[in-house]
Amino acid sequence: MESKDYLKDISEIKNLMNKSSRFISLSGLSGILAGVYALVGAAIAYYIVSNSVRGYLILDGTIFNICFAILLGVAFLSIATGIYLTTKKAKKNNEKIWDSSSKRLLLNFLVPLITGGIYILIILKQERYGHTAALMLIFYGLALISASKYSIGDIRYLGFTEIILGLICALMPSYGFWFWVLGFGVMHIIYGTLMHFKYDRK
């Protein structure tokens, strides 16, 4: 009996330590919605580009600016939805939304993401467009893996998937748009659905 109580105490201590070092209130639903936003944004951008005079993007063109605005809109909606649903889940679980764990999570996520964003802007300025989608996927995957140490470990699997898609995309840059759709749209929906049923519905 004492041995069972001892093992139970160890398990509870382990769970408390895990909760104190990891931010675990990320919402699976926010991943699903981020994927939906990406698919809708991609569909709108594809329609605009395919029906334009040139039928392709140039960096200083009006169509490019519209597509870039759509990309920013998708990012904004994804971030806003993620913050709202994560805050809601944290309050439901009586967890702090802004503590040392969430700060470490944010820092480890943003460093590779911002680095990648700056690098992509540099190569776009140099008119090297071919690997933009691949780099987005790779740096996003690296950001997810980096952040997974301070959140739900399953995030790293999405990160590995994004990196693999990015590397394949680099081999086939002409299909960059479709790899972007697969990585940021479809994979987010699949990941978000799995996380929703694994964590959110408990």
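Residues numbered from 1 in each chain as written. Predicted model: local features only at pLDDT ≥ 70, side-chain atom pairs only at ≥ 80, totals over all residues. Heavy atoms only, no water.

Novice: What's the story with the overall build of the chain in this structure? I'm lost.
Specialist: Across its full length, the chain carries seven helices and zero strands. For the chain, the succession of helices and strands along the chain, N to C, is α-α-α-α-α-α-α. The proportion of buried residues among the 202 residues of the chain is 38%. Sequence-distant contacts in the chain: of pairs separated by 6 or more residues, those separated by 24 or more amount to 75%. Summing over all exposed atoms, the chain offers an accessible surface of approximately 12,600 Å²; the carbon and sulfur share of this is 69%. (Helix = DSSP H or I, 4+ residues; strand = E, 2+ residues; numbered from the N terminus. Buried < 20%, exposed > 50% of the residue type's maximum accessible area, 1.4 Å probe, protein only. Contact = heavy atoms within 4.5 Å. Areas by Shrake-Rupley, 256 points an atom, 1.4 Å probe, with all protein chains shown as cover.)

Novice: Would you take a moment to explain the side chain of Asp154 for this structure?
Specialist: Structurally, Asp154 can be placed in the loop between helix H5 (132-148) and helix H6 (155-171). At 3.0 Å, the side chain of Asp154 forms a polar contact with the side chain of Lys198. Contact partners of Asp154, with chain neighbours within four places excluded, come to Tyr191, Met195, Lys198 and Tyr199. (Polar contact = N/O pair within 3.5 Å; in protein donor to acceptor, adjacent residues only side chain to side chain.)

Novice: I keep staring at the environment of Val49 and nothing clicks. Help me out?
Specialist: In this structure, Val49 sits in helix H2 (residues 28-50). Counting along the chain gives 18 residues from Val49 to Cys67, while the straight-line C-alpha distance between them is 8.4 Å.

Novice: Which parts of the structure should I look at to understand the packing of aromatic side chains?
Specialist: In this description, a pair of aromatic rings is defined by centroid distance and the angle of the planes. Here the structure, examined in full by the defined rule, presents seven aromatic pairs. Between Tyr140 and Phe184, the aromatic rings sit 5.2 Å apart at their centres with planes inclined by 40°, giving tilted as the arrangement. With Tyr140 in helix H5 and Phe184 in helix H7 (residues 176-200), the pair connects residues that are 44 residues apart, well separated along the chain. Residue classification places Tyr140 among the buried residues on the basis of a relative accessible area of 12%. Their ring planes at 40° and their centres at 5.1 Å tell us that Trp180 and Phe184 sit as a pair that is tilted. (Phe/Tyr/Trp six-rings, centres within 6.5 Å; stacked < 30°, edge-to-face > 60°.)

Novice: Just to check I follow, could you spell out the packing of H5 against H6 for this structure?
Specialist: Packed helix pairs are characterised by how far apart their axes lie and by the angle those axes make with each other. The geometry of H5 relative to H6 is characterised by a closest axis approach of 7 Å and an angle of 160° between their N-to-C directions. Taken as axis vectors, H5 and H6 run roughly antiparallel relative to one another. H6 is crossed by H5, and the crossing has left-handed handedness. Contact residues: Ala133, Ala134, Leu137, Ile138, Tyr140, Gly141, Leu142, Leu144, Ile145 and Ser148 in H5; Ile155, Arg156, Leu158, Gly159, Phe160, Glu162, Ile163, Leu165, Gly166, Leu167, Cys169 and Ala170 in H6. Of the residues belonging to the contact of H5 with H6, the class tally is 16 nonpolar, four polar and two charged. (Axes fitted to C-alpha atoms, helices over the stretch in contact; angles between N-to-C directions. Parallel < 35°, antiparallel > 145°, perpendicular 65-115°, else oblique. Left-handed = near helix turned anticlockwise from the far one by under 90°. Nonpolar A, V, L, I, M, F, W, Y, C, P; charged D, E, K, R; others polar.)

Novice: Got a minute to help me understand the nonpolar core in this structure?
Specialist: Grouped together as the largest cluster of nonpolar side chains are 24 residues, with contacts concentrated most on Leu137, Cys169, Trp180 and Phe184. Elements with a minimum of two residues in this core: H2, helix H3 (62-92), H5, H6 and H7. Looking at which element gives the most residues to this core, the answer is H7, with seven residues. (Core = buried A, V, L, I, M, F, W, Y, C linked by side-chain atoms within 4.5 Å.)

Novice: Just checking my understanding: could you explain the confidence of the model for the chain for this structure?
Specialist: Confidence along the chain averages 82 in pLDDT terms, with 82% of residues attaining 70 or more. Of all helices and strands in the chain, the one with the weakest mean pLDDT is helix H1 (residues 2-21) (48), whereas H6 scores best (95). In this model residues 12-21 is a low-confidence stretch, pLDDT under 50, and it forms seven contacts with partners more than four residues away in sequence or in other chains. (pLDDT = per-residue confidence, 0-100.)

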